[in-house]
Amino acid sequence: MGRRARCRRLQQQQQQRRRPEGTEDGAEGAGKRHDAGWEGGYPEIVKENKLFEHYYQELKIVPEGEWDQFMEALREPLPATLRITGYKSHAKEILHCLKNKYFKELEDLEVDGQKVEVPQPLSWYPEELAWHTNLSRKILRKSPQLEKFHQFLVSETESGNISRQEAVSMIPPLLLNAQPHHKILDMCAAPGSKTTQLIEMLHADMNVPFPEGFVIANDVDNKRCYLLVHQAKRLSSPCIMVVNHDASSIPRLMIDVNGKKEVLFYDRILCDVPCSGDGTMRKNIDVWKKWTTLNSLQLHGLQLRIATRGAEQLVEGGRMVYSTCSLNPIEDEAVIASLLEKSEGALELADVSSELPGLKWMPGLTQWKVMTKDGQWFAEWDEVPHSRHTQIRPTMFPPKDPEKLQAMHLERCLRILPHHQNTGGFFVAVLVKKSSMPWNKRPPKLQGESAKPRDPVQSSPAVPTGEKAEGPSELERKLDTGIGDAEIIERTEDLENNGNKKDGVCGPPPSKKMKLFGFKEDPFVFIPEDDPLFPPIQKFYALDPSFPRMNLLTRTTEGKKRQLYMVSKELRNVLLNNSERMKVINTGIKVWCRNSSGEEFDCAFRLAQEGIYTLYPFINSRIITVSLEDVKTLLTQENPFLRKLSNEAYIQAKDLVKGSVVLKYEPDPTKPDTLQCPIVLCGWRGKTSIRTFVPKNERLHYLRMMGLEVLAEKRKEGTALTDESAASSGPLEDEEVSADQKTEQTASPDATSTGSDSVGGATVSR
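Note that the coordinates shown come from a computational prediction; the quantities given were computed from them, not determined experimentally.

A. Quick peek at the side chain of S660. By the secondary structure assignment, S660 is in strand β30 (residues 659–665). Using a relative accessible area of 2% as the deciding quantity, one classes S660 as buried. Of note is the side chain of S660, whose polar atom sits 3.0 Å from the backbone nitrogen of L607.

B. Representation of the packing of helix α3 (residues 50–59) against helix α4 (residues 67–75). Direction vectors running N to C along α3 and α4 enclose 140°, while the axes themselves pass 12 Å from each other. Considering their axes alone, α3 and α4 lie oblique with respect to each other. Between α3 and α4 lies a crossing whose hand is right-handed. On α4, the residues that touch F52, E53, Y56 and Q57 of α3 are W67, F70, M71, L74 and R75. Looking at the contact of α3 with α4, its residues break down into six nonpolar, one polar and two charged.

C. Representation of the pattern of salt bridges in the model. Considering all chains together, one arrives at 24 salt bridges under this definition. One salt bridge connects R224 with D219, and the closest N-O pair in it is separated by 3.9 Å. According to the relative accessible area criterion, R224 is partly exposed, its value standing at 36%. A residue is classified by how much of its surface remains accessible, and D219, at 6% relative accessible area, is buried. Among the ionic contacts, a cluster of salt bridges with common partners joins D332, E333 and R415.

D. Structural detail: helix α21 (residues 628–636). Of all nine residues in α21, eight are buried, a share of seventy percent or more. Of the residues making up α21, those classed as buried are L628, D630, V631, K632, T633, L634, L635 and T636. Close packing links the buried residues of α21 with α22 (647–654), β30, β31 (679–685), β32 (690–692) and α23 (696–705).

E. Focus on the packing of aromatic side chains. Tallied over the full model, the rule gives 18 aromatic pairs. Taken together, a centroid distance of 5.1 Å and an interplanar angle of 45° make the contact between W67 and F70 tilted. Of this pair, W67 and F70 both sit in helix α4, three residues apart, which is roughly one turn of that helix. As far as burial versus exposure is concerned, W67 and F70 are alike and both buried. Here F540 and Y541 contribute two aromatic rings whose centre-to-centre distance is 5.0 Å and whose plane-to-plane angle is 90°, an arrangement assigned as edge-to-face. For F540, a relative accessible area of 11% puts it in the buried group. Owing to a relative accessible area of 0%, Y541 belongs among the buried residues under this scheme. The structure contains a cluster of three or more aromatic residues connected by ring pairs, namely F210, F534, F540, Y541, F547, W592 and F618. One Lys or Arg, R691, reaches over the ring of F693 and ends 4.7 Å from the middle of that ring.

F. Structural detail: the pairing of strand β10 (residues 214–218). Counting buried positions along β10 gives five out of five residues, so the element sits mostly inside the fold. Of the two faces of β10, the one carrying F214, I216 and N218 and the one carrying V215 and A217 are both buried. Relative to β10, strand β9 (residues 183–186) runs parallel, the two being bridged by four bridges. Following the sheet pairing, L185 is matched in β10 by I216. Two elements, β10 and strand β11 (residues 240–243), share four bridges in a ladder whose sense is parallel. From the neighbouring strand, I216 faces β11, where its bridge partner is M241. Following the chain from β10 across helix α10 (residues 222–233) to the adjacent parallel β11, one finds a crossover that is right-handed.

G. Local environment of the nonpolar core. Ranked by internal contacts, the top residues of the largest apolar core, which has 171 residues, are W124, F149, I216 and I336. If we ignore the near neighbours within four places in the chain, the residues touching I336 are Y322, L349, L410, C413, F427, A429 and L431.

H. Just the UniProt feature "binding site: S-adenosyl-L-methionine" (unreviewed entry) in the protein, in detail. Those places that UniProt annotates as "binding site: S-adenosyl-L-methionine" (unreviewed entry) correspond, in this numbering, to C188, A189, A190, P191, G192, S193, K194, D219, D246 and D272. Here A190 shows up in the loop between β9 and α9 (193–202). The residues contacting A190, other than those within four sequence positions of it, are N218, D219, R224 and L228. Position of D272 among the secondary structure elements: in strand β14 (residues 266–272). Using a relative accessible area of 16% as the deciding quantity, one classes D272 as buried. Excluding its chain neighbours within four sequence positions, the residues that come into contact with D272 are C188, K194, S323, T324 and F426. Within the local environment of D272, its side chain forms a polar contact with the side chain of K194, the two groups lying 3.1 Å apart.

Calculation rules
- Residues numbered from 1 in each chain as written.
- Predicted model: local features only at pLDDT ≥ 70, side-chain atom pairs only at ≥ 80, totals over all residues.
- Heavy atoms only, no water.
- Helix = DSSP H or I, 4+ residues; strand = E, 2+ residues; numbered from the N terminus.
- Buried < 20%, exposed > 50% of the residue type's maximum accessible area, 1.4 Å probe, protein only.
- Polar contact = N/O pair within 3.5 Å; in protein donor to acceptor, adjacent residues only side chain to side chain.
- Axes fitted to C-alpha atoms, helices over the stretch in contact; angles between N-to-C directions.
- Parallel < 35°, antiparallel > 145°, perpendicular 65-115°, else oblique.
- Left-handed = near helix turned anticlockwise from the far one by under 90°.
- Contact = heavy atoms within 4.5 Å.
- Nonpolar A, V, L, I, M, F, W, Y, C, P; charged D, E, K, R; others polar.
- Salt bridge = Lys/Arg side-chain N within 4 Å of Asp/Glu carboxyl O.
- Phe/Tyr/Trp six-rings, centres within 6.5 Å; stacked < 30°, edge-to-face > 60°.
- Lys NZ or Arg CZ within 6 Å of the ring centre and 35° of its normal.
- Pairing = 2+ DSSP bridges.
- Right-handed = clockwise from strand over helix to strand, strands pointing away.
- Core = buried A, V, L, I, M, F, W, Y, C linked by side-chain atoms within 4.5 Å.
- UniProt positions renumbered as here; feature names shortened; annotations may be inferred.

Here it is, written out as structure tokens:
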């Protein structure tokens, strides 16, 4: 904090102290401020913009007679919406808990004189996994009556089981129709709510630990990539990779197919491009005063380049979804029309009108005009004066040829208006690739032939005529010099074969190839087959022969390997063949962690909860089957003695040597009132006790699913649970204990016999 800021803060504090105690908010002064439209020290933003109204009324994006409803909806705060994430069986349990407990408590409740409506499922979202309420986020955060519900939302969001995601944002992944075997690219992925939806689709079958498909999530902003990592990590998938590139020139990747290098084409591409965001006015009220058509005019070129790059990397027969949170046709239909025109029939708009029954939408526009920021209109490119050519481009206008326009079927685009279903504004278009893009069909030149300049192709220029080619894609540069795919692959192989690349190491690209922004990432090093580190692990956990050990990696080339990660074999293929091309921020899930003094035990590595659902199918020993009561005991007591477990669990645990164990709960279908999803926990078998290694939020989640409620203020006081069945339980641990602490405890487990456990300052007598 600078000196001026410190002085200002000091003055504010002094003024606060001088206020009479009996007056709220400084009495008269506060009243004057409030009357002047001040709240919290900031002037209230007036939700009006005449230019915005004039622009959209002229374009007729709203049906006749609905304009007042449209504007009224925009001025109302956006209702809170939530989506139940995670994998199928867990999602069903959370849904059951929400409907039968939390939603029932909201019935007949009033907050600030407003009746709380019980949340309702979004009619168009499958399996009732998305819900909306009339409560704004502000009311949810601040109302004491809703504290329990808010705590539930916060805790479950942190553990990745609920995503507080805007309703319209859920549409693009649904329309992608991704399957577990699909290779998916999310071009502009941060902050990651759509990415998590795609990961869930890959893991539709929980019994398959490694789906054949994967998600490569990209973002141009290095800092936002880490937000993306945080979101994706909550789902603990070995099939997600986060990369950091400009989406308009995202590199073409290679994969090894039966010993031969081939270009990676994606089955599904999500192209949720940067936009002016005027569909988000209900939550981003700054847009009201900042809105101008200039934003759209400046973004159109970038949006078209990103969409073009996506289309290039889509496999024939693949599906690409283009979406924006803008209502402006310059960012919406104009981009789609231009892309369709230059694809020469390689792309077509899919008719998805029946794919989300219950969703209300308006068909795409077939005619629109362009307006400058000072209100001047142009109906076609020929009207634009030369002085405006840098700001307004020919691709911003609808095609002149009526037949060509009709063949595009722009009415198949979907525009979501806020007043139809109480949502934000949104635009979606679904494109299907029928054949290669025209510039990909040109035959490559023979090696040695001089690269003569080509005559421009008038019908489908890669960059529209007269438009500055800003940041041409790698593919376009390749075509300019007449290099075909086959030659690119050959040259790539030569480069890698002649290089000094270490086997199994995928590091960040060298700085001479690409300027690195943000933090330099550690390399991704795959564990060699002959590494002596693996056999003790394999023996200790009796790993199945089918365990894909080649997919294990670490993040260091030197010193002791402290953590082992796991990726799917498809992502391993991508990593090993593209270390010079892409900047990988994160991939893989943690499956093992080194114990600080692991040499004392038969295995130096303990299991990590993050990757246990992926690893469990391959483990054949050190598994203890536990009952629901055992799970409650293990999650609410720090180091329970073995004797506190049920007789069945005790018999399994007593003969095991010290070290990491798997604790597995299998639901009983004959008791439908009990928890009906399987639970797999990582634990540690000490000398006389047993404990779990589960992060705080995951503990709270499992306890909540078993009917035990945990309140924030109670946790602070050291009392963990508020349920009659939890009366004798101890406190929860506040966070996952480090390997060092664990080793210390398990190395001398007799410490548990002192009669108490210390957790976060609270002591519980045994």
